[in-house]
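Chain residues, written in single-letter form:
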Amino acid sequence: MSASAKITVPTPSDIRARKGGTPLVCLTAYATPTAQMMDAHCDIVLVGDSVGMVVHGLPDTLGVTMEMMELHGAAVKRGLTQAMMVVDMPFGSYEESPEQAFRNAARLMRVTGAAAVKLEGGVAMADTIRFLTSRSIPVMAHVGLTPQAINTLGGYKVQGRGEDRARVLADAKAVEDAGAFSVVLEKVPESLSDEITHALSIPTIGIGASVGCDGQILVVDDMLGLFTAFKPKFAKRYGTLAADGEKAIEAYAKEVRARTFPGPEHVFADEVPKT
C-alpha cells in the first residue's frame, strides 16, 4: 500500500459489522496528547463524562456540562487520525425529550467532529435512541451500571444480579431494537454479559463485564495509573504514571532548591556561540 494512501477512520456501521470478530479496543480520552498516544491502537476513543471526576475533581459525573464535553471533545479530535471518536452526552442534556436530545447531540457532533454520541439508559431511552438514529445521529448505548443514575441506583453497585437480571437484559435488547450500533455493558455479572452478547446482533463493549464481550473499554487514567483516588475492580493498571510523575517532580524540586537546575546546558549566553 502506498505510504500516501489515505487512512480510513471506522464508521459506526464498520463498528457494528465487527460483531463477533476481533475484539474492539476502546479507551477514554480527554486531551490531545492522550488521544495521540492511543490513536494507532484503538478502534474507538470515547470522550467520556468521566472527565468530570478524572480531570476536574468532581465527586461524580452529574456536574459535567455540554461546554465541558465540547471543549474536551474538540481537543481529543485534534489528536486522532485513525480511531473513531464518540462523545458522551452529559447528564441533563438528553433525558427531557427526544427533541432536546437531538439538539444537543447535533451540537456535540458539529462542535467536536464526533462520529457518534453515547447516552445512558435502556428501555426508558429507547424512544430517544430511535429518534436520534432516524435523524442521522449514530448512538452508542450504555446499560447496566449507568453512572449518571447513581442517585437512583444507590451507588456504583453491580447491576443484573438475581431478579434484576431480566431488567438489564431487557435494556440491552431495547437499545438494539431502537437502532444503537453498539452497547456498553458496565458492572454486569459475567454470565449475564455473555448472555447479552450472544443475544444481540450489535457489539457489546464491556467494562467490568466479561472477556466474551465484543470489545473492552477502560478509563485511560485508570489503566495508566494516573487516577489514584480509587481503583475499580475492573480497572487493570498497565502503568504507574502518577507515581512516576511524582518522583520526577520530587527530583525537580530538589534540584531547584539545591541550585543544580538549571544547568549550563539549560541557559543562554550573551552571544550566539560560534560554530
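Notes on the structure follow. (Residues numbered from 1 in each chain as written. Predicted model: local features only at pLDDT ≥ 70, side-chain atom pairs only at ≥ 80, totals over all residues. Heavy atoms only, no water.)

**Examining the overall build of the chain**
Part 1: On a plain count of helices and strands, the chain comes out with eleven helices and eight strands.
Part 2: The C-alpha extent of the chain, read off along each of the three principal axes, is 75 × 45 × 35 Å.
Part 3: Sorting the 275 residues of the chain into buried and exposed places 49% on the buried side.
Part 4: A total accessible area of about 14200 Å² is found for the chain, and carbon and sulfur atoms account for 57% of it.
Part 5: Placing the 27 positive and 32 negative side-chain charges of the chain at their respective mean positions leaves the two points 1 Å apart. (Helix = DSSP H or I, 4+ residues; strand = E, 2+ residues; numbered from the N terminus. Buried < 20%, exposed > 50% of the residue type's maximum accessible area, 1.4 Å probe, protein only. Areas by Shrake-Rupley, 256 points an atom, 1.4 Å probe, with all protein chains shown as cover. Lys, Arg positive; Asp, Glu negative; His and termini not counted. Charge placed at Lys NZ, Arg CZ, Asp CG, Glu CD.)

**Describing the pairing of strand β6 (residues 182-186)**
Part 1: Across the five residues that make up β6, a large majority, five, are buried.
Part 2: Along β6, one buried face is formed by Ser182, Val184 and Glu186 and the opposite face, lined by Val183 and Leu185, is buried too.
Part 3: Pairing analysis gives five bridges linking strand β5 (residues 139-144) to β6, with the strands arranged parallel. Paired with Ala141 across the bridge in β6 is Val183.
Part 4: Bridge analysis of β6 against strand β7 (residues 204-207) gives four bridges, and the strand direction is parallel. The partner of Val184 across the bridge, within β7, is Ile205.
Part 5: Taken together, β6, helix α9 (residues 190-199) and β7 form a β-α-β motif whose crossover is right-handed. (Pairing = 2+ DSSP bridges. Right-handed = clockwise from strand over helix to strand, strands pointing away.)

**Focus on the pattern of salt bridges**
Part 1: Inspection of the entire model under this criterion finds ten salt bridges.
Part 2: The partner of Arg167 in a salt bridge is Asp171, with the nearest N and O atoms 3.4 Å apart. Here the residue Arg167 and the residue Asp171 both occupy positions in helix α8 (residues 165-178), the gap between them amounting to four residues, near one helical turn.
Part 3: Several salt bridges share partner residues, and in doing so they unite Glu67, Glu70 and Arg107 into one network. (Salt bridge = Lys/Arg side-chain N within 4 Å of Asp/Glu carboxyl O.)

**A short note on the packing of aromatic side chains**
Part 1: In total, this model carries one aromatic pair according to the counting rule given.
Part 2: Geometrically, the ring pair formed by Tyr252 and Phe261 is edge-to-face, given 5.9 Å between the ring centres and 65° between the ring planes.
Part 3: For Arg135, the ring lying beneath its charged end belongs to Phe131, and the centroid distance is 3.6 Å. (Phe/Tyr/Trp six-rings, centres within 6.5 Å; stacked < 30°, edge-to-face > 60°. Lys NZ or Arg CZ within 6 Å of the ring centre and 35° of its normal.)

**Brief notes about the packing of helix α4 (residues 66-77) against helix α5 (residues 98-112)**
Part 1: Axis separation between α4 and α5 bottoms out at 8 Å; the angle between their running directions is 35°. Judged by the twist between their axes, the crossing of α4 over α5 is right-handed. Note on element contacts: α5 touches α4 through Asn104, Arg107, Leu108, Val111 and Thr112, opposite Met66, Glu67, Met69, Glu70, Gly73, Ala74 and Lys77.
Part 2: Looking at the contact of α4 with α5 residue by residue, the classes come out as five nonpolar, three polar and four charged. (Axes fitted to C-alpha atoms, helices over the stretch in contact; angles between N-to-C directions. Left-handed = near helix turned anticlockwise from the far one by under 90°. Contact = heavy atoms within 4.5 Å. Nonpolar A, V, L, I, M, F, W, Y, C, P; charged D, E, K, R; others polar.)

**A short note on α8**
Given 3.6 residues per helical turn, the α-helix brings residues three or four places apart onto the same face.
Part 1: For α8, with 14 residues, the first-to-last C-alpha span of 20 Å sits near the 20 Å given by 1.5 Å per residue.
Part 2: If you check which residues of α8 are buried, you get Val168, Leu169, Asp171, Ala172, Ala174, Val175, Glu176 and Ala178.
Part 3: In this fold, the buried residues of α8 make contact with α6 (126-133), β5, β6 and α9.
Part 4: Gly179 lies just past α8 and shows a positive phi near 110°. (Expected span 1.5 Å × (residues − 1).)

**Looking at the packing of α6 against α8**
Part 1: Contact pair α6 / α8: the axes reach a minimum separation of 8 Å and the direction vectors enclose 25°. Considering the angle they form, α6 stands roughly parallel to α8. For the pair α6 and α8, the sense of crossing is right-handed. Packed against α6, whose contacting residues are Ala126, Ile129, Arg130 and Thr133, the element α8 presents Ala174, Val175, Asp177 and Ala178 at the interface.
Part 2: Looking at the contact of α6 with α8 residue by residue, the class counts come to five nonpolar, one polar and two charged. (Parallel < 35°, antiparallel > 145°, perpendicular 65-115°, else oblique.)

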